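The residues making up each chain are set out below.
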Amino acid sequence: MVADIGWDPKVWEDPMAFRPERFMDSEEMFDITGSREIKMMPFGVGRRMCPGYALALLHLEYFVANLVWNFEWKAVDGDDIDLSEKQEFTMVMKNPLQALISPRMEIGDIYSLCV
Ligand code: HEM
């Protein structure tokens, strides 16, 4: 049911398309807390909403930013993003996205940034 909220075509234009920029279009930041309206609720909403959501978002942004900063990412030729799902122990991608990843810097440079 929570996933259905995030896929509602009355709320989202072309909900199954991978368009992360849709979260950058609005003039104000996307409201993930559901205090103005509920368009998706990965952290729940209301009084029992996840109290760790700000920490989680900060951590995830830092994590993804470091992956982009340190590595060059390319899609495997002809591989399109397919959001179809398959039920296993958890829900997984039916056709997992494959990426070619190469370090932007020499491994020694990355190591010296870490210590
Ligand atoms: C991507 C990371 C995370 C996701 C997707 C997530 C998601 C959720 C969801 C859906 C709930 C249930 C909300 C509800 O019942 O309406 C929840 C509850 C909770 N989360 Fe998270 N969470 C994340 C990270 C964290 C972190 C980093 C912490 C602590 C540092 C945390 C602490 C809690 C606690 C204590 C509750 C229970 C709140 C209550 O029942 O009053 N979560 N979380």
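Rules used in this analysis
- Residues numbered from 1 in each chain as written.
- Predicted model: local features only at pLDDT ≥ 70, side-chain atom pairs only at ≥ 80, totals over all residues.
- Heavy atoms only, no water.
- UniProt positions renumbered as here; feature names shortened; annotations may be inferred.
- Donors = N, O, S within 2.8 Å, 3.2 Å for Na, K, Ca; no water.
- Helix = DSSP H or I, 4+ residues; strand = E, 2+ residues; numbered from the N terminus.
- Buried < 20%, exposed > 50% of the residue type's maximum accessible area, 1.4 Å probe, protein only.

Looking up the protein chain in an unreviewed UniProt entry gives the name Cytochrome P450, with the organism given as Hevea brasiliensis. Under the UniProt heading Cofactor (unreviewed entry), the entry covering the protein chain gives this text: "heme". Under the heading Subcellular location (unreviewed entry), UniProt records this for the protein chain: "Membrane".

> In this structure, what is going on with the coordination of the iron atom of the ligand? I would like to understand it.
The expected angle between donors at a tetrahedral four-coordinate metal is 109.5 degrees. At an octahedral six-coordinate metal it is 90 or 180 degrees. Looking at the protein side alone, the iron atom of the ligand has one donor only, Cys-50 (SG), at 2.2 Å. Mapping Cys-50 onto the fold places it in the loop between α1 (2-6) and α2 (53-70).

> How should I be thinking about the UniProt feature "binding site: heme" (unreviewed entry) in the protein chain in this particular structure?
The sites that UniProt annotates as "binding site: heme" (unreviewed entry) are Cys-50. Taking relative accessible area as the criterion, Cys-50 reaches 29% and is therefore assigned partly exposed.

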